[in-house]
Structures are given as C-alpha cells and as structure tokens.
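Coordinate analysis (summary)
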Amino acid sequence: MKQAIKIGLIGGVVEVLLSLIGMVEAFSQRDIIAHVISMGHTLLIIVALFMGYLAAKRTPGKGSLWVLANSSLSGLIVGGLVSLLVIVGSLINLRKVFVNAMPVLYELLTFKQGTQIGVFLLLGAGALSGVLAGLFFLSPKLLRRVLLISLGSVVGAGVLQDLLRPTFSLWGPLAIINEWLFTANGLTIQGAIGLFVLIAALLLFWSRKGSVIQTGFRQLPPAPQRILKMSGILILVFILLILPQVLGLFLSEVFTIVGLYVLLGLGLNIVVGYAGLLDLGYVAFFAIGSYTTAVLTSPELGFFSLSFWEALPFVIVMGVFSGVLLGTPVLKMRGDYLAIATLGFGEIIRILVLSDFLRPWLGGAQGIGKIPKASIAGFEFAGPQQIYYLILAGCLLVIFISLRLRDSRLGRAWMAMREDEDVAQAMGINLVATKLLAFATGAGFSALSGAIFATKLSSVYPHSFNVMISINIVCVIIVGGMGSIPGVIVGAAALVGLPELLREFAEYRLFVYGAALVAMMLLRPEGLWPEAVHRREFHEEEEKEAELKSG
Amino acid sequence: MVLLSTKKVTKRFGGLVAVGDLDIEIREKSIHSIIGPNGAGKTTFFNCITGFYKPEEGEILFNDHSLVGLLPDRIVRFGISRTYQNIRLFPNLTAMENILVGLHGHLHAGFFGIVMSTPATRKEEKEAAEEARRLLKFVNLAGKGDFLAKNLPYGDQRRLEIARALASRPKLLLLDEPTAGMNPRETQDMMDFIQHLRDELGITILLIEHQMRVVMGISEIVTVLDYGEKIAEGTPTEIQGNPKVIEAYLGRGSTGEERQIVS
C-alpha cells in the first residue's frame, strides 16, 4: 500500500513535470492513431501504465485483488496529481514560472472537457491505466510479451510515421500500404488494428513453432547448418548493401551519422568496455583524425594534397601515435582521476585547433575546407548514399578486429586489467604495454572515424569536436552495454539515430538522454544488449565432435 | 637446495615496521608455513616477494636472481605465483578465462598475429584452452568452466584461484590462508590437495595459515612472525613447544589449558 502510494506519487510528479516542460504539448501535435490518440497522451498513459505495473510488481503476497488494488491506487494517484496541476493552473497563472503552462496544455490534459469534468476524466483514466497495468501484470507471460511487442510496434509505427511513409512511397507496390496504414497525421484505425493483429499473430506463431524450428535446425547435420548460416549472413549483407537505395537520402544520412558513432563507440569500447579505462577525452582522437586528413588532402592549405586513400594510413598512424602520447602521462591514474585528465586532453586538442597560433596550419576558427571525396575506380563517395558504404566498410573492419582481439590473449589481458589491475599484473600482464595498446587501438579506430567524417563534410571546424561528442560516445557504450559489440550498435541507434529521426523534438534531446541514463542504471545496469558470457569450455569440444560425426 | 632466500628484508609504512630484518630460506619442494598473530607482517612479506611492495632494505634471491625492485609481472615469469587472503578472482570473467589470464605470460601472440589469426596464434590459443581445461579438471572444476567466477560457490572460487596461479607454471606457490572460511571437511580436502601439488607437480609451497591443524599437519618447516620479526623457526613439533611462540599467541602467563589449545 505504502509502496503503491510512493510509486503513484513519483509517476504523478513525472507526468506534471513532462506537462510543464512542454513535452506533452509538443508531442500532442503528432497523432499515433489519427483523431484517436496523440503522442502526448500516449506518453502520459505509458508513464501511468509503467507506474501501475511497478506497483503491482512490488505488492507483497501477490494476491490478485491486492495487486489490482495497488496498481489502480497508484494509477489514481498519478491521475490525481495531474488533476491537481489542472486545478491549480485554472486558479493561478503558472505561466510566470512555467512558460509552457498554457491553456492549450490544460485543454489537452482534460480532454477538452473543461476543468470539472476533465478532473474526473483524468482520475478515471489514471485508475483505468492502473487496473490495466495490474491485469497486464497478472496475465500469463506469453500474453504479456505479445501485448507489449505488438502495442510497442503500433506506437513505434506512429512515432516514426514521417520516416516510414516516404520509405514506402519509394517503392511502387508498397505505396498501397501507405494508403491503408497512414493518414496525413497518424495511423488509420484499421491500420493500427491490422498492424497489432499482424505482429501478435507472428509472435504467437513463433512461440508455438519457434522451438520446433530451432531444434529442427540444430538436428540438421553440420554441413546444411553451415549453408543455412552462411545464407543468413549473405542475406544480411545484401540488405546492408541495398539499404541506402531503399531508404532514400534522408535516412541514408541518418545511417551515416549512426555509423560514425558506431565506429567511435567501437573504438571507445576497447578503452572503456574492455580495458576499463574511463576516457572522457575521446573526441580528441576523432579531431586528430579529421584534422590530419584535412591537412594532408585539402588543396586549400596546399601542403600535400594527397588523395583520401593516400592519406588514410598516415591518419591511422597519427591516431595511434596520439593515443600512446595521451596514454603515457596517465598510466598511473585510475577511475575518476583518469576521467578528469583525459577530459582535459580533449579540450586541449580543441583549443589548439582553434588557436590563432596554429592558424596557418590548421585554419583556426574558419577550419579547413575543400577536403576531397574518397573514390575507388571512378566511384566517388560523394553523398550520404555513397558515404554509407565507406562507413559500413569501416564498421565491418573494426567489428572484425574487435572480435578477434576480444577472444585473444590481449582482450583477456584488457578485461583482467578492468576487473583487478593489481592481480592482472601479478598474473604476468605488463600494465604499461597493455594500457598503451588499448589507448592506441581505440585512438586508431577513432582517427579512422575522423577521416571519414572529414571527407563526408568536405571541411572540418573546431566546434565539431566539443566535449559533448565524448559524452555522447560514453553514453552510447553505457546504454548499449559495456564491452558489448552489438550493444554499441544498439546504443548508437537508440541515442543517435532516434534523435535524428525525431528532429522536431530536438529541444528535449538532452532531457531524454539524462532520463534514459538514469532509467538504464536503475532498471538495466548491464545495458540494452549486454556482453554475452563466452562459452569456451565445451564449445570447442562440441565442434570437434560435430566434425568427427560428419567426417 | 634453497629456492628462495631473503636477507634482512625490511618494509616500513611510515614509522611502522611491518617486516623487519627478515631472513628466511625456503628449500626446494618443501611445504613451508608462516604463522603469526594478526598484523605480524605475513601478507606484507608475500607482497614483498611478489613485487607488489618494494622493501626498503634487504635482498630477495630466487634461484640466485634478485627480485627486489622488479614489477609483479616480471616476477611471475621467474616462476612465483600467489593466491590472496580475500579471494581476488576476475569476477566478471568465466572460470576458463580466469585461468587463461593466468597463462598470459606463456602466450606470445601479438596484435597483428591476432587480427590476422595466423596459424601460430590459432595453435597457441587451442593449446592454451586445452591446458586451461586440464587445470579445471585438476582442481575438480570440470564442467564449471563457463560459469562467471563471481557465481561460483566459495570453495570453488578458492580452488579456481589456485588453478589460475598454477596456470603460470610456478616453481614456488604462495598461498595466503587457503583454508580460511572452510569447514573441517573442506579443510582436510585442501590439505590433501596442497600435499598433492607438491608431491605430483614438485611445486614448492609457501603458506600463510591460521588453522594450527593445517600448519602442523602438512608443513615441514614453520616460521613464526611477530611484529614483523622472526621469533622462531623449525619443524612443527619444535614450534609447538617453543615458549616464545606461545607467548606471542596468548600473551605472557597463559595457563596450561590455553597451551593445549595452541597445540
């Protein structure tokens, strides 16, 4: 009971806050389902549902009536606090403090029914959400999964409608889906229901037959298994290759940005995720990579005017070298001290490239322009749709190297150092060499990313390399899952890709970042896609047996 | 033959002399115990041998090589390996990986060899995995290699830590209270295991231990420390009767009954 009240109060405060900072109102401009429900209302309902679910989950004893009572109570409190906001707002003018506390907001919150009726509606909606959350908690696991994913897909389709519509319309036969699924703003009712049913049916089918298919696959002899796996990989590669043509210009641009962050994230993953060295100045190597590329290739400065490919080896060497250079003075530092020292290094590089002193060589505040595009045999990596391939190749290369390193003597040395530096040293690991190698590898990846960034923009400016980039990359790794390669990709997609897609809500970007980080730490500290435990004791023996059987 | 000898080793922390003028000789293939009350400097002495601390004075010779001033990662390559009083495994690595880290010094693959996955690297990795499996079996952990170290029960963690230490192929193994927190049954198993290490693998064992039953049961030589200094040395029987030892443990004027407890 006490728990339910507490959770309800937290949820209520969150909803009031979301309303007052204007998020609800901004989100209301987009409908999830046309004329039925907007993104703003969805946001409020999701919070209420989540709090109801938490209250249900924390109910001691778990008698179903108690669960429902608690969840509806917390929902009621959430609704109550929002009603309180409406009542206070109708009596006092809150706009002096909260710019967004406008009549429009109250209209939205009261479903345009006026304060008196609206308050009852709000309380009812809160309690109803609570009850639904409680029922959801009590329902069997399969049903929960199906409901969660299908409803999530409907909401996702609604949120990303601006992106799905043009993508479908690029494809003649698929354009019909547009008509059926979307209106000018939001999903159609039949579209939403159809999507829900489709996803639910797929999930149910998989839950029935999935295990059969999986065991069937495992019972196959190794040769066809390998063929199936290979064809799976081939299909994936094919999809990756045709993606920019399918998605069009805007989405390809988003993909290149996400890809650059994946590259950066994979590099920092070696330093932070594997070796446990919290480096907050990682943007420095990105800048060094970009500027080295610019200096070596740009005819504007006219020093070398190399081509991109001629410059690339020097860029990587420069990155690796600067990684060692930064690593050397901070070898003895651990944890927080290391973070602060590296933070300083990031700023030093930015201020250096900005300085008037180095202007003749690095262009100062005006940056360096006219950086040539990369090209292979006449194919120029000019626009986002072409640069995409360059980045894809970079990501695949870096993933390949990361995987090889992870399962090696060096990867283990890094992870041992992360776990316990003193013991790692006592096990024969040379800390100096191992740390410097981690810094150098990470810096090399980052410099590669910087080189691609420079040719993508054709110019480099000091302000592209501020400390926020470092922070973003660290967030990508934390949210994705420390030390996990798929985690980096998922993290970059979530933290960099989504905000790019939802540009009109850009002002809430940092707010959502902070909220996401806190939520992650509380709910899923291991990250969205945590590093899998490596199975080595039996894995290799099984393979050997399989070989024996087939041979 | 003497494997490890220390001459006048002294380690101070500020004004406190943790280890003072310590001379110890450890014979090859012996089981040698160091005992003493809490704070007597036993673990500090271990830290001096393994290079974690640098003694202010004195000399540590291992097979006629001086160890003073060398870093731990160099010293382990000479063939000295250790376990810790409060188990210090790599908690988020699997048991296999813990042992593989122990093998680190015997693997040679470099950055490019690893990225290219050269035949030499592959062969080395395969052999390392085989050796790790063999060690798992040796410490009775076969089948638990893919568990995260932190998820293993206490006794398994103790044995895994020894397996990790053995992976570096030591000539001298330093065990810091290997039976701490064990029940009589587990303690007996550990004693048998330590004896087995010496008899089968020919590893010299230096042991810090509080349980008198263990000390008296398996050691050939016992050194007693008090306030960082050696107050007695000899066979278990000699130590048991030594009045200085009894005094260090129980204080002056202890009764006969208390003496019985010590022995």
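Calculation rules
Residues numbered from 1 in each chain as written. Chains lettered and ligands numbered in written order. Predicted model: local features only at pLDDT ≥ 70, side-chain atom pairs only at ≥ 80, totals over all residues. Helix = DSSP H or I, 4+ residues; strand = E, 2+ residues; numbered from the N terminus. Rg over C-alpha atoms; globule rule 2.2 N^0.38 Å. Buried ≥ 20, exposed ≤ 12 C-beta atoms within 10 Å, placed from the backbone. Contact = placed C-beta atoms within 7 Å. Nonpolar A, V, L, I, M, F, W, Y, C, P; charged D, E, K, R; others polar. Axes fitted to C-alpha atoms, helices over the stretch in contact; angles between N-to-C directions. Parallel < 35°, antiparallel > 145°, perpendicular 65-115°, else oblique. Core = buried A, V, L, I, M, F, W, Y, C linked by C-beta atoms within 7 Å. Domains from an automatic or database assignment. Pairing = 2+ DSSP bridges. pLDDT = per-residue confidence, 0-100.

**Regarding the overall build of chain B**
- The helix and strand inventory of chain B stands at 11 helices and 10 strands.
- Against the 2.2 N^0.38 benchmark of 18 Å for 263 residues, chain B shows a C-alpha radius of gyration of 20 Å, consistent with a compact globule.
- Summarising its shape, the C-alpha atoms of chain B cover approximately 70 × 40 × 35 Å along the three principal directions.
- Out of the 263 residues in chain B, the part that is buried amounts to 43%.
- Residue pairs at least 24 apart in sequence account for 64% of intrachain contacts in chain B once pairs closer than 6 positions are excluded.

**Quick notes on the interface of chain A and chain B**
- If you look at the interface, chain A gives 28 residues, while chain B gives 34 residues.
- Looking at the side of chain A that touches chain B, the elements with two or more residues in it are helix H16 (384–406), helix H17 (409–419) and helix H18 (421–426) of chain A.
- For the side of chain A that touches chain B, the element with the most residues is H17(A), which contributes seven residues.
- Here the side of chain A that touches chain B is composed, by residue class, of 13 nonpolar, five polar and 10 charged.

**Some thoughts on the packing of helix H11 (residues 222–274) of chain A against helix H20 (residues 467–480) of chain A**
Residues and elements named next belong to chain A.
- At a closest axis distance of 9 Å, the pairing of H11 and H20 adopts a crossing angle of 75°. Taken together, the axis directions place H11 and H20 in an arrangement best described as roughly perpendicular. For the pair formed by H11 and H20, the contact residues are Tyr261, Leu264, Gly265, Leu268, Asn269, Val272 and Gly273 on the first element and Ile473, Val474, Val476 and Ile477 on the second.
- For the contact of H11 with H20, the class distribution of residues is eight nonpolar, three polar and no charged.

**Quick look at the nonpolar core**
- In this structure, Leu263(A), Ala416(A), Val476(A), Ile99(B), Ala132(B) and Ala163(B) are the most contacted members of the largest nonpolar core, which totals 161 residues.
- For this core, the element with the most residues is H11(A), which contributes 16 residues.
- Once residues lying within four places of it in the same chain are set aside, the contact partners of Leu263(A) are Ile391(A), Gly394(A), Cys395(A), Val398(A), Phe445(A), Leu448(A) and Ser449(A).
- Core analysis: the second largest hydrophobic core is formed by 45 residues, Leu44(A), Ala56(A), Leu108(A) and Val119(A) among them.

**Regarding the domain arrangement of chain A**
- On domain assignment, one finds that chain A holds domain 1 (1–138), domain 2 (150–219) and domain 3 (244–475).
- Placing a centre on the C-alpha atoms of domain 1 of chain A and another on those of domain 3 of chain A gives a separation of 44 Å.

**Thoughts on unusual backbone geometry**
Residue and element names in this part refer to chain B.
- Phi is positive for Asp21, close to 45°, though the residue is something other than glycine.
- Counting through the fold element by element, Asp21 comes out in strand E2 (residues 16–27).
- Of the residues examined, Asp21 has 15 C-beta atoms within 10 Å and is grouped as partly exposed.
- The backbone of Glu177 shows a phi angle near 50°, a positive value even though the residue is not glycine.
- Structurally, Glu177 is set in the loop between strand E7 (172–176) and helix H7 (184–201).
- Here Glu177 falls in the buried class, since 20 other C-beta atoms lie within 10 Å of it.

**Digging into the sheet that holds strand E5 (residues 65–66) of chain B**
All names here are of chain B.
- Pairing within the open sheet is antiparallel, and its four strands lie in the order E2-E1-E4-E5. What marks the edges here is a single partner per strand, and that holds for E2 and E5.
- Bridge count for strand E1 (residues 2–13) against strand E4 (residues 57–62) is five bridges, and the pairing is antiparallel. The partner of Leu4 across the bridge, within E4, is Phe62.
- Where helix H1 (residues 42–49) meets the sheet, its contacts fall on E1, E2 and E4, and the angle it forms with E2 comes to roughly 65°.

**A closer look at the confidence of the model for chain B**
Residues and elements named next belong to chain B.
- When pLDDT is averaged across chain B, the result is 90; 95% of the residues are at 70 or more.
- Here helix H11 (residues 256–262) is the element of chain B with the lowest mean pLDDT, 50, and helix H3 (residues 95–102) is the one with the highest, 96.
- With pTM at 0.87, the complex prediction returns an ipTM value of 0.92.

**Structural notes on the environment of Gly102(B)**
- Turning to its location among the elements, Gly102(B) is positioned in helix H3.
- We classify Gly102(B) as buried; it has 30 C-beta atoms within 10 Å.
- Expressed as a C-alpha distance, the spacing of Gly102(B) and Ile194(B), which sit 92 residues apart in the sequence, is 19 Å.
- If sequence neighbours within four positions are ignored, Gly102(B) has contacts with Met427(A), Arg164(B), Ala165(B), Ala167(B) and Ser168(B).

**Examining the pairing of strand E10 (residues 229–234) of chain B**
All names here are of chain B.
- Bridge count for strand E9 (residues 221–226) against E10 is five bridges, and the pairing is antiparallel. Among the inter-strand pairings, Asp226 is bridged to a residue of E10, identified as Glu229.
- Counting the residues between successive antiparallel strands, the hairpin from E9 to E10 contains two residues, one of them, Tyr227, with a positive phi of roughly 50°.

**Notes on the sheet that holds strand E6 (residues 80–82) of chain B**
Residue and element names in this part refer to chain B.
- An order of E6-E7-E8-E3-E9-E10 is seen for the six strands of this open sheet, with the pairing classed as mixed. This sheet does not close on itself; its edge strands, each paired only once, are E6 and E10. Taken pair by pair, the neighbouring strands of this sheet meet at an average axis angle of 20°, ignoring direction.
- Strand direction decides the pairing type here: strand E3 (residues 31–35) and E9, joined by four bridges, are parallel. In the sheet register, Ile34 faces E9, and the bridge partner there is Thr223.
- The strands that H7 touches are E3, E7 and strand E8 (204–208); relative to E8, the one it contacts most, it runs at about 155°.

**Notes on the pairing of E2(B)**
Residues and elements named next belong to chain B.
- In terms of strand pairing, E1 meets E2 through eight bridges, oriented antiparallel. Residue pairing across strands places Val2 opposite Arg27, the latter belonging to E2.
- With antiparallel pairing between neighbouring strands as the criterion, E1 and E2 make up a hairpin whose turn holds two residues, including Gly14 at a positive phi of roughly 60°.

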